[in-house]
2 protein chains.
Amino acid sequence: MTEETGLRERKKQRTRQALSDTAVELFLKRGFDQVSVADVAAAVEVSKPTLFRYFPAKEDLALYRIADHQGEAARVVTGRPAGRSPLAALRTHFHERLDAHDPVTGLNDNATVRAFNDMLYTTPSLLARLIRYADRDEELLAEALAAAGGGDALTAGLAAAQIITVHQRLAQENWRKLAGGRRIADALPEAHRDADRAYDLLGAGLGTEYGR
Amino acid sequence: MTEETGLRERKKQRTRQALSDTAVELFLKRGFDQVSVADVAAAVEVSKPTLFRYFPAKEDLALYRIADHQGEAARVVTGRPAGRSPLAALRTHFHERLDAHDPVTGLNDNATVRAFNDMLYTTPSLLARLIRYADRDEELLAEALAAAGGGDALTAGLAAAQIITVHQRLAQENWRKLAGGRRIADALPEAHRDADRAYDLLGAGLGTEYGR
DNA sequence: AAGAAAATGCAACCGAGTAACAAAACTTTC
DNA sequence: GAAAGTTTTGTTACTCGGTTGCATTTTCTT
């Protein structure tokens, strides 16, 4: 799994990590807008152009860790057990992520994670950037769904869009619960119910509630 | 309907319009990124700070006209004829917009409109800004759906998110058809079919295609 | 050890957006 | 219709994100 690792490559990894870590630390301490990229560069003892050779935009300094999840939904569909439907696989997976308190579900009350999510959901530029990651996710999911066999490209695309959107709203809803002061033990069952409600809706459509 | 209109107010309206019109003209001629706000300000013979007193960001200069559509989906739901379901009303309305070649459906081959859409869909910062308008739309639609009676707030929120998302994808798909060189007369019937497919999916869910 | 290749730092630059304050334009009042 | 009050504007100067060109250093190759 580990890549070819010359000294050069190792150093780059370290710089990259140091930049992201330091940036997040500063962002959480003083707020995203109150920290300039020059501050981050200075703290890591690197020049500003170098920083931008590692990260294309300030926002990416904060979102680096989240980028790991790229294509997760698509992988779940592609790697689902035989005989299981894509939607069922995604539902199960979401419940699992919830129980694991995965930060991306929004449901995690570790102080640092919470501060991070607070920043994320209240900083428009971060949210905008996050959506661009989600777009890539959506594309990959659309391909996975198309490959799974159901429907044409349009249908797969629409389905992917709906699923990714619903995931976003669920995470946001979970974050809101915690931001509203709820304890996680108390919010978790509700989050599971919300997820089931959302997946029921995805599976059976809005027809029951809002007509055809 | 017309607002209280002193001289001052009239002048402001004119400046606002001149800024947006001139900006769009320049953007279409030279490209969004190749025109600076200073260029726009100079062309309208206004200072840069003044420009920003009228529009909070460069992107809004381009999106001014689109902002008119704010809350359209919500209005359709709220103002639907008695006995008609929200989803049916939205579906009908979308087909109507399609036949009217409304630019927001992506399906309009007027040269200027097409150039505008090309710019819109290929400029990330414009797209990002557009999404923020859509978020407001989504909120309003969620309220309208909740008021329409079906389901709790979560359900209404999820439904609104799905509907707005689907609209976006349909418009994007239509734009792609035209960008691919298709004539509008040829693309229109297909656009209607796509819309029906999308609304069928919204109404009946992904279950049929991708399992529960 | 020498030279190619890649990464860095430096300095200067561009463009979006904002702050401070003074000047001008419109509105209101007498 | 002039004076006083309010709102809008221009000027200047600034901050910050992001980029460019080029010389210097560091790593990789042979």
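Residues numbered from 1 in each chain as written. Chains lettered and ligands numbered in written order. Predicted model: local features only at pLDDT ≥ 70, side-chain atom pairs only at ≥ 80, totals over all residues. Heavy atoms only, no water.

Focus: unusual backbone geometry
Residue and element names in this part refer to chain B. A positive phi angle is found at E45, which is not glycine, with a value near 55°. For E45, a relative accessible area of 73% translates into the label exposed. A positive phi angle, close to 55°, is found at H101, a residue other than glycine. Within the fold, H101 resides in the loop between α6 (86-99) and α7 (111-122). With a relative accessible area of 30%, H101 lands in the partly exposed category. (Buried < 20%, exposed > 50% of the residue type's maximum accessible area, 1.4 Å probe, protein only. Helix = DSSP H or I, 4+ residues; strand = E, 2+ residues; numbered from the N terminus.)

Side note on the UniProt feature "domain: HTH tetR-type" (unreviewed entry) in chain A
With numbering aligned to this structure, UniProt lists the feature "domain: HTH tetR-type" (unreviewed entry) at residues 13-73 of chain A. In residues 13-73 of chain A, helix accounts for 67% and strand for 0%; the two terminal C-alpha atoms are 26 Å from one another. (UniProt positions renumbered as here; feature names shortened; annotations may be inferred.)

Structural notes on the protein's contact with DNA strand D
Inspection of the region around DNA strand D gives 21 residues, with R8, K11 and K48 of chain A together with K12 and T50 of chain B positioned closest. Backbone sugar and phosphate groups make up 58% of those atoms of DNA strand D lying within 4 Å of the protein. One of the side-chain N or O atoms of K11 of chain A is found 2.4 Å from a phosphate oxygen in DNA strand D. Where the surface near DNA strand D is concerned, the elements lending two or more residues are α1 (7-30) and α3 (48-54) of chain A together with α1 (7-30) and α3 (48-54) of chain B. With four residues, α3 of chain B is the largest single contributor of residues to the surface near DNA strand D. Residues of the surface near DNA strand D, tallied by class, amount to nine nonpolar, four polar and eight charged. (Near = heavy atom within 4 Å. Polar contact = N/O pair within 3.5 Å; in protein donor to acceptor, adjacent residues only side chain to side chain. Nonpolar A, V, L, I, M, F, W, Y, C, P; charged D, E, K, R; others polar.)

Looking at the interface of chain A and chain B
Between chain A and chain B, the residue contacts involve 40 residues of the former and 40 residues of the latter. The junction of chain A with chain B conceals about 3,500 Å² of combined surface from both sides, 65% of it contributed by carbon and sulfur atoms. When residues of chain A are sorted by the area they lose upon contact with chain B, L206, Y210 and R212 of chain A head the list and together hold 22% of the total. Inspection of the chain A/chain B interface yields two salt bridges. Across the pair E138 of chain A and R169 of chain B runs a salt bridge, and its minimum N-O distance is 3.2 Å. Between chain A and chain B we count 17 residue pairs in polar contact (both at pLDDT 80 or more) in total. Elements with a minimum of two residues in the side of chain A that touches chain B: α6 (86-99), α8 (124-147), α9 (153-179), α10 (184-204) and α11 (207-210) of chain A. At 12 residues, α9 of chain A tops the list of elements feeding residues into the side of chain A that touches chain B. Split into classes, the residues belonging to the side of chain A that touches chain B amount to 20 nonpolar, 10 polar and 10 charged. (Contact = heavy atoms within 4.5 Å. Buried area = accessible area lost by both parts, 1.4 Å probe. Salt bridge = Lys/Arg side-chain N within 4 Å of Asp/Glu carboxyl O.)

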